[in-house]
Every structure is written in structure tokens, then in C-alpha cells.
Amino acid sequence: MREHSTDATRLQAAGEVVLLVAATAGLALGGLLHAIGAAEAARGLWAATTVLGVVPAAWWVIDAARHDRLGVDVIAVLALVGTLFVREYVAGAVITVMLASGRTLESRASERARRELRALLARAPRVVHRYVDGELTAPALDDVGPGDLLLVQPGEVVPVDGRLEGEIAVLDESALTGEPLPVEHGGGDEVRSGAVNAGGPFDLRATTSAGESTYAGIVRLVSEAEASNAPFVRLADRYAGAFLLVSLALAGAAWAISGDLVRAVAVLVVATPCPLILAAPVAIVSGLSRAARRGVVVKGGAALEQLARGEILLFDKTGTITAGRPTVTEVVTGDVTGSDAVSADDVLRLAASLDQVSPHVLAAAVVRAARARELALTLPTGVEEVPGHGVRGMVGDRRVAVGKASWVSALQSTRWVRAVRRRAERDGSLTVFVQVDGVAVGALLLDDPIRTDAARTIRQLRRDGIRRIVMVTGDREDTAQTVGAVIGVDEVLAERTPSEKVDAVRLEQRSGPTIMVGDGINDAPALALADVGVAIGARGSTASSEAADIVLTVDRLDRLGEAVVIARRARRIALESVLVGIGLSFVAMTAAALGYLPPVWGAVLQELIDVAVIVNALRALRDTTSAGRLRAEEAVLTRKFSAEHSTLRPDVARIRNVADALDRTRPAESLAMVREVHRFLVEELDPHEQAEDATLYPVLARVLGGNDPTATMSRAHVEIAHLIRRLGRVLDDIDPAGPDEDDIIEIRRLLYGLHAILQLHFAQEDEGYLSLADDVVAMPAG
């Protein structure tokens, strides 16, 4: 049925193009025949062209009536028939060309290249591994039933719902739940289809058939949600009813008063609503073009109109508001002294060296973090993967193990380990512990960081007319609430299944037009149901991209805000063009009713009106957002400071670690660590802040506009410099015998203060300023 519908749509579009070509050829050839003196042949050709327009126009009216819509084509049909009655064939031919061009343009604007279920079905496995008499077989997916014992290989999609047989399995369930971090399951746990095996192979006891599994349920949800979407009424049709009544009344009055049918036909000719038929599609197509240039693919004019009307925004968390992949956010060194102590860089370097050969999903994040710090990695030897615990091997001459706390630190004091685990639990982070030569020396904290442009985008959307923002996610309540508070949403709906996300969209639709933004398979049903669905397509699932009406092809959330601005501007220009065109048509209709405008000249005047409204509609192509974007050389400068943030951030995090360790280390060691922090602040961080003030902030002031928009950030630089000087004076005043208790208290206070303000300051710069680095306009400097 779906393929048949697609073929019918393509056939209709092709027919409209053929009509346009034939009508244009008929009008032009008739003009040529008339010019060479073959007047009767010209009139015959124009009459045939008029008839050619009557047939499809009548069908369009009937089709609109079948869908309970009063289309603007009614006036066109009456005008075409009228020109045939009064033998004004050239006017009829002109109307046919205008109708055909309008329909073709609208078809191009609303053409939708989407096959919603294809991506879902393509992702589902067709063959699985099933044990039969102790041997592996490869039956068709539909042959799997409850009770079958299956093998799920690394990287494979779990084919059906089942129960884990064996000790442990590590699954990436982000496509189902939105949870970005891998989930560890023990023997006997229920496992849902659609999850990806992120660990070693495991056995699964099927509890459902393929048709009854979670994955198949999501496919059905997408189908049902799409089926519930009512067809969107064209912008022009909202004005057609009143325009039709007024046009018919004026034409009837002209005929009744004058007794001249030609006057009535002339009224209908100039009343042919080409501003309605052409202006709106041109403006909408222009908006589609502008959006595409900004990396936003809008699948049709209806979607752009709905985006312009959107008032309530719902969005997923993982991969939409957050980066969608684990990232090392902090390296914590253990409570280890003497020769066993290992620096934070060495903890990360040794862990990343070992993780280079690990298939675990977190291993890639650890390796990325080490390479970002430009640490030299060593290829490990004798590597052994211990399922459910971690990995161990030799890195150079050091025995290294990376994994769970209970495995890495089982044989030693775990005071600092417990502290790290408590902190991770409060923050919703994951922990990976590192053991070197039998001693737990540190831990890595991993998180799914919030996109740097998320908070700025939310604020901009509110300014642009979005009145309610809801985050609906499958992630945990505490984590979701934290993210929601940071970016500033009205409500957080956590731990929601795909069907519950659909329910959330339905509930919000009672209050106004909805926009749903997501990137995973679990978002696809909600994307399909919402008035307009927006998929983050750069790294998102193909299923969500296909189910959505709009796809952000660049991995930037702020393009959603731009798309809303473009859509609303295009819709506003379409309305302006329609209303101006109708106003000019009314003037021409009045002149025709009074006998001053015969049908042929009415058709010519209508063409001039068309040109005027189309030129106005093309204003939607203009780029009105370049004033708020960086020039190419400015973007290079911004990226430079963004890269410096990445380099400085680990040392900023170490400030708190040093403050935490002041009462756990010997005074001499404490003082040495503090002096190293002070050296970093004076020699690396402070020059960075001064350079920002001198070179970056003037650039940002131009882009942001307003009165000194970076003043508060410059004030933060002043406070940071003040705290650095205070720390230096405290260090200078310490007695040669070592710091006393008051010195330690003051140093800890300063370090905690510096850490807090630097963390906030870096986050503000990343979100408000440095996230503009990839938003570039090509224009000369000056």
C-alpha cells in the first residue's frame, strides 16, 4: 500500500509537469500562429489549451471536496469554463498556464522523500544464531520462538526479547531508552530486542517471537502515529472560502446589472487566485532553500508551515541535548603516596594504552581523552578481557588493570574509592578504576556532556515564540532533572518508554502545535506523531531521520532555532504576498465588473500581479541571520580559544583534587602540589584569559551586538586574576617550616573558589561564545 501511494504521488507530479509544458507550448504556439496571420488556428489552439486546463482543475476541485476542503481551484474552473462560453480563449490559455505552474511549484515544495519504516526494517536482523543439538544454526528471524536458545555476537542487534543465559552482558540500549551509557546485565535479566551488544558474546533465551518483540512494537508505533496525522491544509485554502464567495457575488452582480456575461467572465479571470496559488508556494520553497543552506532538510512546505506555527517544544535528552556518547570528564588520583603514586596524566595514559585493544564501548572514550591531551600511548601486551569486570595487561613494564571498583581495588583500602563512587552516583556519571602494579591509583569519571549550544538554543527558541519546553527521555530521573535544570526547561519527563513518549506528545497537542526533537529509534514514534518532528540526523538513527519531517544534517542544535526563524519569516512573507495579491485582485475585479477590463487584458493584468507577489515572495531567500555569525578568520580565532579550553580543562579539574588532598598528604607534598597549581594559573591560565579579553571579546561583541555584551565575562576575568594573586601572596607568606592549619584552610578556600569560578566561566564561554565557532558566514572582513 505504501509503495503504491508513493508511485501514485510520483505519477501525479509527472502529470503536472506534462500539463505545464503542454499549456506553455499551447499558449506560445498560439501566439506564433496569431502573429503570422493564422488567427483561427491560434484560437483553436488556445481553446484546446483551455480545455486542457479545465479537466485537471475540475479533478482538483473534486479531490479537495472529497477531503472536506474548499480549494482555490473552484474559481479557476469557473474562469476557464467562462472563457470558453464567451470565446475568450487566449485568456483561458493564460489561466491554464498559471494553474499548471502553480501546481507544479507546490508539488515540488511539498514533495517528501521519506520512507518511514524502511530504515527500521532494514536495521532489524533477518538471520539469527540459534543452538540446535549443541550446534549453531542460522534460521530466519520469523522462525525464532519462545524458548529458543540464541547466541548474540559482539556488535549485533538483539533480535528478540529474551532472558540472559550466562553471567553478564553489556548492552548499548540508547536506541531504545535514550540512556547514552552502556548497561550491564547479569544472568537471568530480561533483555529487549533492538539493543546492541557492546560487550562479548552471550546466550539469550527467547521469550517472544520476532513479531511480538519490543523492536517490532516500535515499528508498529511509527505506523500508527503516522496514520493519525491529518493532512495539512494549504495556506492558500484558508482564504479560499471568503475569496470564492466575494468573487462569485461580484461576478454575478456585474452580469445581473449589465446583462453582459463577458463582464462576469472578466471578473472571474482577474479573480483567478494566482497570488494564492503561486505566492505561498514560492515563499515556502524559498524558505526550504534557505533552511537547506543552513544544514536543515525540511521535507515539504507543510512541515515548514507547521514549524512556523509551533508553540510547544518536546525533545529527547541523549544525543539531542547531550553529545550522545560517553566522555571522560575528570581524572581522579587515588589516596596513594610514595613510589606508588601516579599523576593524573599517567593514570589516563596507562588506562588509554590498555584500552586501545579493548572492545568495550567506554574504551574508545578513554582513548579519545588521552589523545585530546596529546599523551603518548603504548601498545599493550598480554591483554586479557575479564567479562563483567574489566581488562588487564602490560603497558611497558607496568601491570595495568582497568575496570570496576570491586575488581580493581578489592584488596586495599577503599576510602577514596567510595568517595569517587558517591560523587559519580550523585552526578549520574560512570566510573572506571585504574590499577597499576597491584595498587588502585586512580579513577576516570565519564559522562554524557550537555551540548555547548543547548542552553543558548533553548533561550533563543523562547525569544522566537516557543512558549513551553518539555524534555521527555528514557534516562534516569535524577540525571534528567539535572540536565533540565541546567538548560532551563518547563518540565522533565524521565524514564519514559517509546509509547509513553507518544502519550506525552498527545497530551501536549491539546495545548497547541507541537515540535518533537530526537535522534534515536525510541524517538521515532513521537517524531511521527508530533505536528512536526525534527531529527538530529548527523549521528542519529536512520529511523528517526526517516520518521521526522525535518532533519538537522549538521550536528548543531542551534540550527533548530535558525530553522524556526526561517520558517516563520517564510510564512510571514507568504501571508504578505497572498494578502497584497488578493488586494490587487479585488481592485482589478472591480474594474472588470464596471466594464473597464476585458478578459484578455484582465489575464495580462493578473500576470503582472503574479510577478509582483512572486518577487515579494522571493524575499524569503535572503539571509537575515549572517549579522549574528562569525567571519571565517574570526571563526579560526574562536576555535583556537576553544582548543585552549580543552587543553586547560584537565588542570582546572586538578585544582579541586589538590584541595581535596591537602589534609591527606604530608605538608611538604601538599605545598608542592599547590605551588604547581599556582604555576599553572600564572603561566598558562591567566595569559589565556588576558588574550581572550584583548582579541576574542571584541570580535564577539560585534557578533552578539548590544551594549558591551561581554562585560560580565570580563568581570569574571578580573575576579580570577584577583584569586590567583591572593593564592600567590598566601604561598609567599608561608613559614619555611611548612604551612600551618590556618594556611591550609585559606589555601583550600582559594582553590575551591578558583575551581568553582573557572568551571562556571569555562561553561559560560563554551555555551555563549565558543559554540559559535562553526557558525560562519562567508564575507570579507572589514
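Just above, that's the structure.
Parameters at a glance
- Residues numbered from 1 in each chain as written.
- Predicted model: local features only at pLDDT ≥ 70, side-chain atom pairs only at ≥ 80, totals over all residues.
- Heavy atoms only, no water.
- Helix = DSSP H or I, 4+ residues; strand = E, 2+ residues; numbered from the N terminus.
- Buried < 20%, exposed > 50% of the residue type's maximum accessible area, 1.4 Å probe, protein only.
- Contact = heavy atoms within 4.5 Å.
- Axes fitted to C-alpha atoms, helices over the stretch in contact; angles between N-to-C directions.
- Parallel < 35°, antiparallel > 145°, perpendicular 65-115°, else oblique.
- Nonpolar A, V, L, I, M, F, W, Y, C, P; charged D, E, K, R; others polar.
- Pairing = 2+ DSSP bridges.
- Core = buried A, V, L, I, M, F, W, Y, C linked by side-chain atoms within 4.5 Å.
- Salt bridge = Lys/Arg side-chain N within 4 Å of Asp/Glu carboxyl O.

Visitor: Would you take a moment to explain the overall build of the protein for this structure?
Guide: When its secondary structure is counted, the protein shows 26 helices and 22 strands. Of all 782 residues assigned to the protein, the portion counted as buried reaches 52%. Within the protein, counting contacts between residues at least 6 apart in sequence, those at least 24 apart form 71% of the total.

Visitor: Would you take a moment to explain the packing of helix α11 (residues 301–309) against helix α21 (residues 558–593) for this structure?
Guide: Two quantities define a packed helix pair, namely the angle between the axes and the distance from one axis to the other. Interhelical geometry of α11 versus α21 gives an angle of 105 degrees and a closest axis separation of 8 Å. As summarised for this structure, α11 and α21 are arranged roughly perpendicular, according to the angle between their axes. Residues Leu304, Glu305, Leu307, Ala308 and Arg309 of α11 form the contact with α21, whose own contacting residues are Ala563, Val564, Ala567, Arg568, Ala570 and Arg571. For the contact of α11 with α21, the per-class residue count stands at 7 nonpolar, no polar and 4 charged.

Visitor: I keep staring at the sheet that holds strand β20 (residues 514–518) and nothing clicks. Help me out?
Guide: As a general point, the strands of a sheet are linked pairwise by backbone hydrogen bonds and lie either parallel or antiparallel. Read across the sheet, 7 strands follow the order β10-β22-β21-β20-β11-β18-β19 without closing on themselves; strand pairing throughout is mixed. Edge strands, defined here as strands with exactly one partner in the open sheet, are β10 (296–298) and β19 (491–493). Strand-to-strand, the axes of this sheet are offset by a mean angle of 20 degrees, without reference to chain direction. Judged from the 3 bridges that link them, strand β21 (residues 532–536) and strand β22 (residues 550–552) form a sheet pairing that is parallel. What sits directly across from isoleucine 536, in β22, is leucine 552.

Visitor: What's the story with the nonpolar core in this structure? I'm lost.
Guide: Here is a general trend for soluble globular proteins: nonpolar side chains tend to be buried in one another's company. Residues Val298, Leu307, Leu313, Phe315, Ile515, Val517 and Ile550 are the most contacted members of the largest nonpolar core, which totals 82 residues. When residues of this core are assigned to their parent elements, the largest contribution, 14 residues, is made by α21. Discounting chain neighbours no more than four positions away, the residues touching phenylalanine 315 are Thr320, Ile321, Ile458, Ile469, Val470, Met471, Val472, Ile487, Val489, Met516 and Val517.

Visitor: Looking at this structure, how should I read the sheet that holds strand β14 (residues 390–395)?
Guide: Strands sit in the order β12-β17-β16-β15-β14-β13 across an open sheet of 6 strands; the sheet is antiparallel. On the outer flanks of this sheet lie β12 (327–333) and β13 (381–386), each paired with one strand and no other. Each strand axis lies, on average, 20 degrees off the axis of its neighbour in the sheet, ignoring direction. Packing against the sheet, helix α12 (residues 344–355) makes contact with β12, β13, β14, β15 (398–403), β16 (430–436) and β17 (439–447), and its axis sits at approximately 105 degrees to β14. Together, β12, β16 and β17 form the strand contacts of helix α15 (residues 415–427), whose direction differs from that of β17 by roughly 5 degrees.

Visitor: Explain the pattern of salt bridges here, please?
Guide: Oppositely charged side chains may form a pair once their charged atoms are brought near each other. Following the criterion strictly, the structure yields 30 salt bridges and no others. Among the salt bridges present, the one from arginine 163 reaches glutamate 165, with a minimum N-O distance of 3.8 Å. The salt bridge involving aspartate 766 is made with arginine 649; its shortest N-O contact spans 2.5 Å. Of this pair, aspartate 766 sits in helix α26 (residues 741–768) while arginine 649 is found in helix α23 (residues 632–661), placing the two residues 117 residues apart along the sequence. Taking the relative accessible area as the measure of exposure, aspartate 766 reaches 13% and is therefore buried. Taking the relative accessible area as the measure of exposure, arginine 649 reaches 30% and is therefore partly exposed. Among the ionic contacts, a cluster of salt bridges with common partners joins Glu330, Arg423, Arg656 and Asp660.

Visitor: What's the story with unusual backbone geometry in this structure? I'm lost.
Guide: One non-glycine residue, glutamate 374, lies in the positive phi region at around 60 degrees. Accessibility expressed as a relative area gives 73% for glutamate 374, which makes it exposed. Non-glycine residue aspartate 437 carries a positive phi angle of around 50 degrees. Of note, aspartate 437 is situated in the loop between β16 and β17. A residue is classified by how much of its surface remains accessible, and aspartate 437, at 32% relative accessible area, is partly exposed.

Visitor: Just checking my understanding: could you explain the packing of helix α9 (residues 261–271) against α21 for this structure?
Guide: Contact pair α9 / α21: the axes reach a minimum separation of 8 Å and the direction vectors enclose 170 degrees. Comparing their axes, α21 and α9 come out roughly antiparallel. Note on element contacts: α21 touches α9 through Ser585, Ala588, Met589, Ala592 and Ala593, opposite Arg263, Ala266, Val267, Val270 and Ala271. For the contact of α9 with α21, the per-class residue count stands at 8 nonpolar, 1 polar and 1 charged.

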